[in-house]
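Chain residues, written in single-letter form:
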Amino acid sequence: MNLYYKRIIKNDKTSQEQQQIIEKTFNVCNENLFIDKVENIKSADYTQFKKLLNVAKKNDTLVCASSGLLAKNIKELFNLLIYLDNRGVNTIIINENINTTTEQGKAEIELFKKLLSFEKEMTTKRMKSTFEETNAIFSVVVATLKIFSFTCLKHSILSGIA
């Protein structure tokens, strides 16, 4: 079953364009159409999108006009596509020509998985390296403070004797 998603922003022309793109491409059934009507993007809670994600089941296809409706950035989009793929839900994003019902689309999902895995691995390495550098600097600072404290203590003891 195809599940269609669109977001309508008050006084925005692109919302009408989204509808036209979807209607031209697919025969849309209203019960499978999920529409979030929002005043502005920052305050939106995307209730209908969340409902769509809950309703979507294996072999369903999520259809939308643009990836910008599904995610704020590329990493979020990759994570969503992988999440849907893991659940067996296909995705068609018309403007970006993403179609996970095809072999090419499935290969793209595998590439997204590899890219996210690589990015996670690199982030972990950077964090470990930063931690080791910070630990080394901290050790030098502590050693310096110990020497300084010892020198001050020695100086005060010698001053008291004299």
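Residues numbered from 1 in each chain as written. Predicted model: local features only at pLDDT ≥ 70, side-chain atom pairs only at ≥ 80, totals over all residues. Heavy atoms only, no water.

A. Molecular detail of the sheet that holds strand 1 (residues 2-9). With respect to topology, 5 strands assemble into an open sheet ordered 2-1-3-4-5, the strand pairing being mixed. Edge positions in the sheet fall to strand 2 (33-38) and strand 5 (98-99), since each of these pairs with one other strand and no more. Pairing between strand 1 and strand 3 (residues 61-64): 4 bridges, direction parallel. By the bridge assignment for strand 3, Y4 is matched with V63. (Pairing = 2+ DSSP bridges. Helix = DSSP H or I, 4+ residues; strand = E, 2+ residues; numbered from the N terminus.)

B. Representation of the packing of aromatic side chains within the structure. Evaluation of the coordinates by the stated rule reveals 2 aromatic pairs. Taking the centre distance of 4.9 Å and the plane angle of 55° together, the rings of Y5 and F49 count as tilted. With Y5 in strand 1 and F49 in helix 2 (residues 47-55), the pair connects residues that are 44 residues apart, well separated along the chain. Here the aromatic rings of F78 and F112 are separated by 4.1 Å at their centres, their planes lie at 15°, and the arrangement is stacked. Note that F78 is positioned in helix 3 (residues 74-86) and F112 in helix 4 (residues 103-161), a separation of 34 residues in sequence. One exposure class covers both F78 and F112, and it is buried. (Phe/Tyr/Trp six-rings, centres within 6.5 Å; stacked < 30°, edge-to-face > 60°. Buried < 20%, exposed > 50% of the residue type's maximum accessible area, 1.4 Å probe, protein only.)

C. Just the pattern of salt bridges, in detail. Counted by the stated rule, this structure contains 5 salt bridges. The partner of E119 in a salt bridge is K75, and the shortest N-O contact between them spans 3.5 Å. Linking E119 in helix 4 with K75 in helix 3, this pair joins segments that are 44 residues apart in sequence. On the basis of relative accessibility, which here comes to 33%, the residue E119 falls in the partly exposed class. Since its relative accessible area comes to 40%, K75 is described here as partly exposed. The salt bridge involving E121 is made with K125; its shortest N-O contact spans 3.5 Å. Linking E121 with K125, this pair stays in helix 4, spanning 4 residues, or about one helical turn. For E121, a relative accessible area of 41% gives the class partly exposed. Among the charged side chains, a network of salt bridges with common partners joins D85, E110 and K113. (Salt bridge = Lys/Arg side-chain N within 4 Å of Asp/Glu carboxyl O.)

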